Amino acid sequence: MTAKTKGAWLAISGCICWGASGAFAQYLFTHQGVTPSWLVGMRLSIAGILLLIWGGATNPGQLVSIWRHWRSAGQLLAFALCGMVPSQFTYFSAVNYGNAATATILQFTGPLFIIGALAVIHRQWPRRIDFICALIALFGVYLIVTKGHLTSLQLAPLAVFWGILAGASQALYTLIPIRLLRHFDAKLVTGWAMLLGSLIFMPHIVMNPTPPLNTVGWSGVVFVGVIGTMFAYLLYLDSLKYLQPATTGMLSSFEPLSATLITVVVLHTAIGLPEVVGGLLVLATAFLQAFSSEPLTRIKSKPV
């Protein structure tokens, strides 16, 4: 197996794990009485602790060094509260009010918000390919939320609201920790941000009764926290050793594809042709960006 093939399988496996976690979350919301706040708190705490253990074992000198300077500590707090928490909560809320397939696809609009943010920061117009991608993605989202009935909204308004916010939050999640990731291990940065973010949801978890989960339900929670977060992140990071950022950007489309396949086949969620076409249009923007003469690879969006 060549290095490129190995990297591709690692990236695909990681994205499939992320997509599957959305489908598991949908099952927990619809069949186990779990709320987004409870699941996000559990997911962040489980994955945060595991990532810190993993990062501390590989880079013990950096485990607490990130807190020794007020600048890096402040950036970490900003990442946790303004990047990690919004990206997690908006995505799972979109799943709760809609389904994992549409939530993951709407979240995939995050790079468009990144393009807009960078245009403002650098005070320059986006490239022509960026405008084309924006138009394609907007039409794709239009098909998804209307389900082909172009004069009326068919997807639940709250699902659309949280899905679009998930895309915007994904941009914050990507942009805020740029400087931190230049100086510290990504596992430790993400692990600390997840653990800090989980504290926001702890009062809700402690003050409310634990959902009456059965064995399948608890298995789903563990899957979301361990396989769908920690191991997905591990596979994704390992793939970056063998692949160019543009390639990993294209392969990240396996996240919404896997989420859609699992929700349709396993959870029997109805997905019509307009939604399929809309989803493909949104995903196509990743390929257009990757194959453009100047792809947007300086800042890479990571799935949740």
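Rules of the game
Residues numbered from 1 in each chain as written. Predicted model: local features only at pLDDT ≥ 70, side-chain atom pairs only at ≥ 80, totals over all residues. Heavy atoms only, no water. Helix = DSSP H or I, 4+ residues; strand = E, 2+ residues; numbered from the N terminus. Buried < 20%, exposed > 50% of the residue type's maximum accessible area, 1.4 Å probe, protein only. Contact = heavy atoms within 4.5 Å. Phe/Tyr/Trp six-rings, centres within 6.5 Å; stacked < 30°, edge-to-face > 60°. Lys NZ or Arg CZ within 6 Å of the ring centre and 35° of its normal. Expected span 1.5 Å × (residues − 1). Core = buried A, V, L, I, M, F, W, Y, C linked by side-chain atoms within 4.5 Å. Axes fitted to C-alpha atoms, helices over the stretch in contact; angles between N-to-C directions. Parallel < 35°, antiparallel > 145°, perpendicular 65-115°, else oblique. Left-handed = near helix turned anticlockwise from the far one by under 90°. Nonpolar A, V, L, I, M, F, W, Y, C, P; charged D, E, K, R; others polar. Bend = angle between axes of the 7 residues up to and from the residue. Polar contact = N/O pair within 3.5 Å; in protein donor to acceptor, adjacent residues only side chain to side chain.

Trainee: Would you mind going over the environment of Pro211 with me for this structure?
Mentor: Turning to its location among the elements, Pro211 is positioned in the loop between α9 (186-207) and α10 (215-239). Exposure remark for Pro211: the relative accessible area of 9% places this residue in the buried category. Along the backbone, Pro211 and Asp130 are 81 residues apart, and their C-alpha atoms lie at a distance of 44 Å. If sequence neighbours within four positions are ignored, Pro211 has contacts with Gln32, Gly33, Val34 and Trp38.

Trainee: Can you help me understand the packing of aromatic side chains in this one?
Mentor: For any pair of aromatic rings, the description consists of the separation of the ring centres together with the inter-plane angle of the planes. All chains considered together, the criterion is met by 10 aromatic pairs. An angle of 20 degrees between the planes, with centres 4.1 Å apart, marks the rings of Phe24 and Phe223 as stacked. Of this pair, Phe24 sits in helix α1 (residues 3-31) while Phe223 sits in helix α10, and the two are 199 residues apart along the sequence. Classification of Phe24 by relative accessible area gives partly exposed; the value is 31%. Within the aromatic cluster, the residues linked to one another by ring pairs are Phe89, Phe161, Trp162 and Phe201. Sitting above the plane of the Trp54 ring, Lys187 keeps its charged end 4.8 Å from the centroid.

Trainee: How should I be thinking about the environment of Tyr142 in this particular structure?
Mentor: On the secondary structure map, Tyr142 appears in helix α6 (residues 128-146). For Tyr142, a relative accessible area of 34% corresponds to the partly exposed category.

Trainee: I would appreciate a short explanation of helix α12 (residues 254-265) in the present structure.
Mentor: Structurally, the α-helix is built with 3.6 residues per turn, so residues lying three or four positions apart point the same way. For α12, with 12 residues, the first-to-last C-alpha span of 16 Å sits near the 16 Å given by 1.5 Å per residue. Along α12, the residues that are buried comprise Glu255, Pro256, Ser258, Ala259, Thr260 and Thr263.

Trainee: Looking at this structure, how should I read the nonpolar core?
Mentor: What tends to happen in soluble globular proteins is that the nonpolar side chains get buried as a cluster. Counting residues in each nonpolar core, the largest one holds 49 residues, and the members touching the most others are Leu39, Leu76 and Phe92. Mapped by element, the contributors of at least two residues to this core are α1, α2 (36-58), α3 (70-97), α4 (100-107), α7 (157-175), α9 and α10. Excluding residues within four positions of it along the chain, Leu39 makes contact with Ala25, Leu28, Phe29, Val34, Phe92, Val221 and Val224. Among the nonpolar cores identified, the runner-up in size contains 12 residues, and Ile105, Leu155, Val160 and Ala286 belong to it.

Trainee: Mind showing me how you'd approach the packing of helix α5 (residues 110-122) against α7 here?
Mentor: Geometry of a packed helix pair, given as the angle between the helix axes and the separation of the axes. Where α5 contacts α7, the two axes come as close as 7 Å, and the packing angle between them is 55 degrees. Considering their axes alone, α5 and α7 lie oblique with respect to each other. Note that α5 runs across α7; the crossing there is right-handed. Contact residues: Gly110, Phe113, Ile114, Ala117 and Leu118 in α5; Ile164, Gly167, Ala168, Gln170, Ala171, Thr174 and Leu175 in α7. Of the residues belonging to the contact of α5 with α7, the class tally is 8 nonpolar, 4 polar and no charged.

Trainee: How should I be thinking about the side chain of Thr102 in this particular structure?
Mentor: Looking at the secondary structure, you find Thr102 in helix α4. Here Thr102 is in contact with Ile144 and Leu155, once residues within four sequence places are set aside.

Trainee: What am I meant to see in the environment of Asp185 here?
Mentor: Checked against the element boundaries, Asp185 lands in the loop between α8 (178-183) and α9. Asp185 sits in the buried class, given a relative accessible area of 11%. When the C-alpha positions of Asp185 and Leu63 are compared, they lie 8.9 Å apart, and in sequence the two are 122 residues distant. Residues within four places of Asp185 in sequence aside, it is in contact with Gly55, Thr58, Asn59 and Gln62.

Trainee: Please clarify how α9 should be interpreted in this entry.
Mentor: Look at α9: 33 Å from first C-alpha to last across 22 residues, which is about the 32 Å you get at 1.5 Å a residue. The principal kink in α9, of about 45 degrees, is found at Phe201, preceding the proline Pro203 by one to four residues. Capping of α9 at its N-terminal end is provided by Asp185; its side-chain oxygen lies 2.9 Å from the backbone amide nitrogen of Lys187.

Geometry only, nothing functional implied.
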